[in-house]
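Take a look at the letters that make up each chain.
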Amino acid sequence: MLAPLLLLWPISIAATHLVANDIANEPYDQALAESVGAISRLVRVIDGKVTVTLPPSARTILHADEQDELYFQVRNSQGRLLAGDDQLPAPSGDNEPVISEVRFRDEQLAGEPLRVAYKVHEVEAGQRWVVIQVAETRHKREALTSRIISGVLLPQFAIIPLAVVLVWFGLSRGLRPLSRLRERMATRRPGDLSPIEIRRAPEELQPMVHSFNEVMARLEENLQAQQRFIADAAHQMKTPVTGLRMQAELAARETDPVQLRRSVEQIAQAAERAGHLITQLLTLARAESSHEKLHRFESVDLEGLAREATLDWLPAAQAKRIDLGFEGSEWPSAIDGVPLLLGELLKNLLDNAIKYTPAGGRVTVRVVPGEHIVLEVEDDGVGVAEDDRDRIFERFYRVLGTDADGSGLGLAICREIAELHRAAISFLGGSNGRGSRVVVVFPRAGTTHS
Ligand code: ADP
């Protein structure tokens, strides 16, 4: 604030000077105009000649100023001097005589500034006129201008430094809570996500501190979820790895080649399960990095994608004698999505449907375009009890009593991918009272991520 204040000062001085000059001119200009009027009354025509009858006393009065030098001059229309001081220059520019109006101008005479009042005075109507000029040096005016300026500026010498001190004091006092806030933030430990005390923040900053605290709370929640996930994942990884180690130890002691072969096959199966778990964990991590910038959204034909995924699972379905069907529609079913992740979602839903449907069962994949694009995967398998349906989307949650291999991550992955696509996913019972139906409702292309 100091810079603009100091910049304003010279501007204010210049403006004061202009105004003071104007004010100082006004009364003295009036006196000059009156002198012009007085002289004009002394111009007469005597014997056909224009003459100025100026009594000697008047001449003395005109020159009786203590501070300023006064000049007067009367010239006729031919420019001949009728009375007064010859050295006063004639008014320039105005060729058109203006009758009976006193005008003013600034002049220089021998390097000295002059203020001149002049008038074209008509002596005989329409025929003869004279130019009357009265001038004076500017000493009185300058003295008055200086007095006005000093009257205005002197108090400013005291007021401006006082204003600067007050502004400085006010600002530093006002900003002190902000500095305290900054200090508190700067001295925080790196992992400290605790909220800032709103009460101690300046009032203007409270909404900002509030939003900041909300962000911190979300961050804390996220961090805790991640830590839980890592702990769960490590725990889940431990089981197959322990199994692998024990089987390997057993195999190492085995002497019977047939048993040895069986042990090695079991090791291979356990390794495959561990590998599957790791792949699922990676997929979940990829889907979870839900920052939309990390994923390239594009227009995806969901029907085409679902048809392809169904075809991919035909051999697995046939191996279990499951009737795997696809129901599409001729209406467009474009959504905004990430094809790789949508493929992963379909893969997990189809994997579950086939895994939890006994041999001879039926699995149907359906895409129904409408106001929304709905994807359904329905089976007539073992289904999930209503109490468990909410929990099966949790990570590592598996329904007890199923002997199928699995990580408990498939549906958690599906939920992450659905959320990323702003789709709603639900696990329902099959339409004939048997099996299950997973429904994912996607917004149409162009209605999101715009
Ligand atoms: P998993 O790897 O165990 O299949 P998911 O997250 O995919 O993990 O599924 C969680 C649980 O939900 C499964 O253990 C299973 O009990 C149940 N489930 C999922 N899909 C189906 C389905 N189509 N039919 C019956 N149960 C299912």
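Here the structure is shown first, and the text comes after it.
Cut-offs applied
- Residues numbered from 1 in each chain as written.
- Predicted model: local features only at pLDDT ≥ 70, side-chain atom pairs only at ≥ 80, totals over all residues.
- Heavy atoms only, no water.
- Core = buried A, V, L, I, M, F, W, Y, C linked by side-chain atoms within 4.5 Å.
- Buried < 20%, exposed > 50% of the residue type's maximum accessible area, 1.4 Å probe, protein only.
- Helix = DSSP H or I, 4+ residues; strand = E, 2+ residues; numbered from the N terminus.
- Domains from an automatic or database assignment.
- Contact = heavy atoms within 4.5 Å.
- Patch = residues over 30% accessible without salt bridge, like charges linked within 9 Å, V, L, I, M, F, W, Y side chains within 5 Å.
- Areas by Shrake-Rupley, 256 points an atom, 1.4 Å probe, with all protein chains shown as cover.
- Salt bridge = Lys/Arg side-chain N within 4 Å of Asp/Glu carboxyl O.
- 1 Å grid on protein atoms, 1.4 Å probe; cavity = no way out; pocket = protein on both sides within 12 Å on 5 of 7 lines; lining within 4 Å.
- Points joined across faces, edges and corners; volume = space filled by probe spheres on them.
- Nonpolar A, V, L, I, M, F, W, Y, C, P; charged D, E, K, R; others polar.
- Pairing = 2+ DSSP bridges.
- Axes fitted to C-alpha atoms, helices over the stretch in contact; angles between N-to-C directions.
- Parallel < 35°, antiparallel > 145°, perpendicular 65-115°, else oblique.
- Left-handed = near helix turned anticlockwise from the far one by under 90°.
- Phe/Tyr/Trp six-rings, centres within 6.5 Å; stacked < 30°, edge-to-face > 60°.
- Lys NZ or Arg CZ within 6 Å of the ring centre and 35° of its normal.
- Near = heavy atom within 4 Å.
- Polar contact = N/O pair within 3.5 Å; in protein donor to acceptor, adjacent residues only side chain to side chain.
- Sits in = over half its atoms within 2 Å of the grid points.

1. Remarks on the nonpolar core
Counting residues in hydrophobic clusters, the biggest one holds 48 residues, and the most contacted among them are L324, L349, V363, L375, L409, V440 and F442. By residue number, the principal contributor to this core is helix α7 (residues 339-355), which donates eight residues. Among the domains, domain 2 (191-289) and domain 3 (293-443) are the pair contributing at least three residues each to this core. Setting aside residues up to four positions removed in sequence, L349 forms contacts with L375, V377, L411, C414, V438 and V440.

2. Here we look at a nonpolar patch on the surface
On the surface, a cluster of nonpolar side chains totalling about 300 Å² of accessible area is made up of L18, V19 and I23. Tracing the backbone shows L18 in helix α1 (residues 2-40).

3. Points about the layout of surface pockets
Reported here for the largest pocket is a volume of approximately 520 Å³. Counting only elements with at least two residues in the lining of the largest pocket, the list comes to α4 (206-253), α5 (257-288) and α7. Among the elements that line the lining of the largest pocket, the one with the most residues is α5, at seven residues. Of the residues belonging to the lining of the largest pocket, the class tally is four nonpolar, nine polar and six charged. Looking at the second largest pocket, its volume works out to about 450 Å³. What lines the second largest pocket is a set of 29 residues, and nearest its centre among them are N352, K355, Y356, I392 and L411. Those elements that place two or more of their residues in the lining of the second largest pocket are α5, α7, β12 (373-379), α9 (410-420) and β14 (436-442). Element by element, the count of residues in the lining of the second largest pocket is highest for α7, at six residues.

4. A look at the sheet that holds strand β9 (residues 323-327)
Across the sheet, which stays open at both edges, the five strands sit in the order β9-β11-β12-β14-β13 with mixed pairing between neighbours. In this open sheet, the two strands that pair with only one neighbour each are β9 and β13 (424-429). Neighbour to neighbour, the strand axes of the sheet diverge by 10 degrees on average, direction disregarded. Pairing of strand β11 (residues 362-369) with β12 involves seven bridges; the strand directions are antiparallel.

5. Considerations on the packing of α5 against α9
Following both chains from N to C, one finds α5 and α9 inclined at 20 degrees, their axes separated by 9 Å at the closest point. One finds that α5 runs roughly parallel with respect to α9. Of the two possible hands of crossing, α5 and α9 adopt the one that is left-handed. On α9, the residues that touch Q280, T283, L284, A287 and E288 of α5 are G410, A412, I413, E416, I417 and L420. Taken together, the residues of the contact of α5 with α9 break down into six nonpolar, three polar and two charged.

6. Comments concerning the packing of aromatic side chains
Going through the model one piece at a time under the given rule, you end up with two aromatic pairs. For the ring pair W9 and F157, a centre distance of 5.2 Å and an interplane angle of 70 degrees mean the geometry is edge-to-face. Residue W9 is located in helix α1, and its partner F157 is located in helix α3 (residues 139-186); the two are separated by 148 residues in the primary sequence. Across the ring face of Y118, the terminal group of R105 is positioned such that the distance to the ring centre comes to 5.0 Å. Sitting over the face of the ring of F229, R395 holds its NZ or CZ atom 4.5 Å from the ring centroid.

7. Describing the pairing of β13
When β13 meets β14, the two strands line up antiparallel, connected through six bridges. Residue pairing for β14: F427 is matched across the bridge by V438. A loop of six residues connects β13 with β14, the two strands running antiparallel in sequence, and G433 in this loop sits at a positive phi of about 80 degrees.

8. With respect to the site of the ligand
Around the ligand, a shell composed of 20 residues is seen, among which N352, Y356, R398, S407 and L411 lie nearest. The separation between an oxygen atom of the ligand and a polar side-chain atom of N352 is 2.8 Å. Between the ligand and V399, the relevant distance is 3.5 Å, taken from an oxygen atom to a main-chain nitrogen or oxygen of the residue. A total of 530 Å² of accessible area belongs to the ligand in isolation, and the protein chains cover 98% of it. In this structure, the ligand is accommodated by the second largest pocket. When residues of the shell around the ligand are traced back to their parent elements, those giving at least two are α7 and α9. At three residues, α7 tops the list of elements feeding residues into the shell around the ligand.

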